[in-house]
Structure formats: structure tokens, C-alpha cells
Amino acid sequence: MFHRLICLWALMGCVAWLPDLYSQSNVPPDPQLVEGMQNARSALAQQNFSGAEMLLRPLVEKFPDRPGPIYLLGQSLYGQKRLDEALEAFNTGTKQQSIRANCFYNIACIHSLQNNSDKAIESLQLALRSGFTDLAKLQQDADFVNIRGDQRYQNLFPKILSDDELFVEPVRIIHKWAGESGGDEFGWTARRMGDVDGDQVTDFVTTAPSHQNGSGKIYVYSSRSGKLLHTALGKPGDRLGNSATGLEDVNADNVPDFVAGAPGSEGTGVAIVYSGADGTEIHRVKGTTLDAQFGYEVGDCGDIDGDGVSDFLVGELAGNGPNPQCGRLAIFSGKTASLICELFGERTGDGFGNAAAVAALGNQEFLLAIGAPNAGTANRGQVYVYHIVDSKPTLRFTISGNEQSVNLGQMFISFPGDINRDGTPDVYVSDFSDNTRAPGAGKVVVHCGKSGDELVAIFGTQRGEGLGTSPSDAGDVDGDGIGDLIIGAWQNTAGAPAAGRVYLYNLASPESPSRTITCRQNSDTFGFDACGIGDVDGEGKIDYLLTSAWSWCPNPKTGRVFIIAGE
């Protein structure tokens, strides 16, 4: 239990089940509380459990209504193997809504270690009823080795639903694929890549970056037949497939190609362009800075340099520029892999290059949008939109997070079309942790590509549902000449805990979704990625490429990918 929590504290905001350790309604955190909590966390990270306890005892006394001190006190006592005292702390913590589920979970851990199987099972049931959803953690936690053979423990895990049971609404599944093994995160990203197999239907590339100890693996599928066309496998730690997308034909064989990032490869990270015809490497580009995660993001640029061949972009999260580790976005020639241009973040840690997209304007002009989720006021995120003319980018405008933003521009940016019909493609940006309507409910916005004005804002409404976990460009679903959005909300609980949902919005009238697809499978994380893929089955409707990368089916975080029929 304990060591995983320490690691996840370092990744706050990325973990759905991590509790809010500061909140008390709308009361802002007290500076003494914040400083004390930070010091206690640091002590816990160093396994200085008694030191953490000394820091936390006064905070528990001064801030009895705040969840953080009592929760971390329980962790410090657990680390000292003072289990009865830890149990008392966590029992106190169950009175706080924001940490209740995790407190019950930790209580169950302690009862299991004390060989009290009845109380351990009862506490796990309470944890699940209180909103605990990380079933992979529950299955793998060594604290439960004493009760794993208990049928009541096994009954806590979800039944695998049939296709007919899987969705709340009527849904026709055209194709479905599952990852190879637990932990693969198959479906981490899934993107269109043109007609690879010559059947007049757009095919796609999807990835499993955690496959084989983080080696990562890429899969190219035929959308019409469902056949696996190509694979590529990384080496341990590469995370090949952290990003991937289709390219136009870069090697003049009349077959679309594709590019993938491996941010853990070769010390710096790499981006690799593959042949769509046979899956072999065409180009391999290496980053310039050690541990800078070059290849965290990749994308298709169109023909930026005017040589008749599509080019590609690569994001480098901690690349050096005017300031160290501010982030870098580089554009490379699809013909030669030489550098065309590069851009940098403003401050150390901005994460510039985390997400990016390009739209062609014609006459060798383009729009380029780049996300920096830790940039801007209070590190709430910022997106930079550039006008590229003759391979030279000039900043046109920025989109900044507001006081409810968490990481605007993290992972998902696209150009869904010209929404306001002014002749310029508009910019879609996600902040799937936004707090506007509820903590962690998420938000997506579309801004005018010409002026930067906000055109559309769509908000998640359910606490923690994470609306916006996708590039969401559906295509023109309703035939009105305006691009539409298919938006993932991977932690939505309408069908089951963390089952997930996707929303289809027609952007001519975005007041409410025109369609929802709600998963019933517990912990499926449906909507992890989402985009349109064109008419796959020949019925004249745009179909949808949708993923569940943390799906439990058949093992934790195996992941799966769907093509769902349009209506």
C-alpha cells in the first residue's frame, strides 16, 4: 500500500483515486497547512516515517476538519508498522468525504495484514461503495495476500460483460480488439492513418506503450476487415507508442505512412517514421537533451517546407531552450528528416510540446497549436497558436487557463474544422482536469483560429469524469459543413464506476450532446481516446474510433479498442 502511494503523490492530477488532501468546501488552503503537508510528504518520500509523524501531529490538532493531516498521519503510522494507531487515524478520516474511499481501502489493508478477513472484506466493500475505483491496485496490492483465496474478495471484481450488455444505449460494434496482456495500456492512443491496405477505407494506428516492461508496441489495423497489418516493438523503457499518428506518403510508394514517439529510448527519446506498406523504419530522429522525453508527442504537419512531402512534428517535454527544460517542439522534413524549425517554452517546467496539431491554410501557410500545460498564471496551462508562412512560425495568439483550469493544453489539441465559417480552421483544446462544474470534471474549448476568441466551451458535470481525454475530431457527422466533436470522459460513472462515456456534440448547436455512448463495464475507462474514422462499414455514416486503455478486460489495464457505428 504505502510505497505506491508515495510514488503517486509525485504524479498528483494524473491519478483519479488520489484524494484531495487540502479541501474543506471552498475554504482556501492555509499557508501553514500547505507548508506542513509538503514537508510531511517529503519526509514520507524519504521513508522518514517518524519525522513525518512529528510534523503531522500538530497539523491534525490545528486543522481537525482538513483531510490531509489525518490521512498522511495514518500513512506515517502504517510505515512504522503501528497498525492499530494507523487504523484509528484512517477511521477518523472516513468522516471526510474527499478521503473516505481511500481511508476504507487502507483500513482493509490493515485488517488483512492482521488476518481479520471479515473486517478486511467489509472495509473493501465500503471503499468501493464510497467511490474507490482502482481495481488494478486492489488486485495487485500485496497487503491482500491473506484474503485473495476468499470468494468474497474475488466477488469484488467485475464480471466481464458481453457485447450486448456493454453499453447503456443501443450501440453497434463494428470491430473490437484487446491488448495482449495486463498492464499493456492498449489503446493509449488511436489515430487515423489513411487507406493502408487499398480497400478505400481509412485505417488506423494504435499503441500499447507499457507493453513488456514499458518497451511499448504499435499496431496498425485495417478498419474494414479488422486485420492486423503491422506491428513494431520497442525495447524495455522506450515507451514506444506514447504517441503515434498517420502521415501522408513520405517515401513515394503511394501508401500512407505513420510516425510514433518513444520518449524513453536512447536516453533522450526518439521519433520513428514507419512505412505503411511494410512497417519498416524510414526515419529515426533522436532528441538533443538527456531525459527530455523527445517523442512524447508526434504529429502530421502537412508539407511545411514545400518539397511535396508531408512533414512531422515532435514534442520534447523537457527540451532546453531560452531556459533549461522549458520544452521544445520541432518540425522535421518527411523527405530527409532534417530540422525545418523549432519553438521553445518560456519557463522551466512549462511542458511546452506536450500536445500539438497543425492545420493547412493553403498557399504554404499553416496554423500550429502547441500545448504547455504548466505554463501561464499559477501553472494552469497555456496553448500557443502560430501562423507558419514559408516554414517560419510567428505567434498569432495564446489561449490561457483560468482560475478553474488545472492543465489546459495537456495531451489533446486538434483542429476540428472551420466552426464559425470565417475561412480559418478553429482550435480545439482540452483540460480534462478542469474544476469549473465539479472537481476534475473537465472542459474542452474551441477558439477561433483567426482571432483567438472563444467560440465553444463544453464542461464535464460529474466529479472526476475527466471530460476531454481525446483529440475528439469527429468529422462532419451531421452534414452541415461544420466539424463535430466526439469527446471522451474516461472516468464517467453513469454506467458503472470508472466505466467511461463519450459525448457527440454537433458544433453548430453545442448546447447539449446529440449522442452519448455510456459503458457499463466497471473500470473500463471507455473514452480514453476518441476520434472519428470515416465511413468504415459503407452505410454512409461517420464511424468512431474509441478506446479503453485501462480496461480490465481480461486483466487490469490490458486495454481495448472499438470501432463503433455512426447513426
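What you are looking at is a predicted structure, and each value in this text was computed from that prediction instead of being measured.

Attention shifts here to the confidence of the model for the protein chain. On average, the protein chain scores 92 in pLDDT, and the residues at 70 or more come to 95%. Within the model, pLDDT remains below 50 along residues 2–18, and this stretch shows 31 contacts once partners closer than five positions in the same chain are excluded. Low pLDDT, under 50, characterises residues 22–27; the predicted model gives this stretch 14 contacts beyond four residues in sequence or across chains.

This part covers the sheet that holds strand 27 (residues 543–548). Spatial ordering of the open sheet is given by 1-28-27-26, a layout of 4 strands whose pairing is antiparallel. Each edge of the sheet is formed by a strand with only one pairing partner; in this case those strands are strand 1 (173–178) and strand 26 (529–534). Across the sheet, the axes of successive neighbouring strands diverge by a mean angle of 15°, strand direction being ignored. Of the strand pairs in this sheet, strand 27 and strand 28 (residues 560–564) are connected by 5 bridges, and their pairing is antiparallel. In the strand pairing of strand 28, Leu546 is matched with Phe562.

Interaxial distance between helix 2 (residues 31–45) and helix 4 (residues 67–79) falls to 11 Å at its minimum, and their mutual angle equals 15°. One way to sum up the angle between helix 2 and helix 4 is to call them roughly parallel. In this structure, helix 2 crosses over helix 4, and the sense of that crossing is left-handed. Where helix 2 abuts helix 4, its residues Leu33, Met37, Ala40, Arg41 and Leu44 lie against Gly68, Pro69, Leu72, Gln75 and Ser76. For the contact of helix 2 with helix 4, the residue count by class is 6 nonpolar, 3 polar and 1 charged.

A separate point is helix 6 (residues 100–113). Here helix 6 is 14 residues long and its end C-alpha atoms lie 20 Å apart, about the 20 Å a rise of 1.5 Å per residue gives. When you tally the buried positions in helix 6, you get 12 out of 14 residues, the bulk of the element. Among all positions in helix 6, only Ala101, Asn102, Cys103, Phe104, Tyr105, Asn106, Ile107, Ala108, Cys109, Ile110, His111 and Ser112 are buried. Positioned one or two residues after helix 6, Asn115 has a phi angle of 60°, which is positive.

Now for the pattern of salt bridges. Applying the stated criterion to the full structure yields 23 salt bridges. Arg57 is the partner of Glu53 in a salt bridge, and the nearest nitrogen-oxygen pair spans 3.0 Å. One end of the pair is Glu53 and the other is Arg57, both in helix 3 (residues 49–62) and 4 residues apart, which spans about a single turn. In this structure, Glu316 and Arg328 form a salt bridge, with 2.9 Å as the shortest nitrogen-oxygen distance.

Criteria and cut-off values
Residues numbered from 1 in each chain as written. Predicted model: local features only at pLDDT ≥ 70, side-chain atom pairs only at ≥ 80, totals over all residues. Heavy atoms only, no water. pLDDT = per-residue confidence, 0-100. Contact = heavy atoms within 4.5 Å. Pairing = 2+ DSSP bridges. Helix = DSSP H or I, 4+ residues; strand = E, 2+ residues; numbered from the N terminus. Axes fitted to C-alpha atoms, helices over the stretch in contact; angles between N-to-C directions. Parallel < 35°, antiparallel > 145°, perpendicular 65-115°, else oblique. Left-handed = near helix turned anticlockwise from the far one by under 90°. Nonpolar A, V, L, I, M, F, W, Y, C, P; charged D, E, K, R; others polar. Expected span 1.5 Å × (residues − 1). Buried < 20%, exposed > 50% of the residue type's maximum accessible area, 1.4 Å probe, protein only. Salt bridge = Lys/Arg side-chain N within 4 Å of Asp/Glu carboxyl O.

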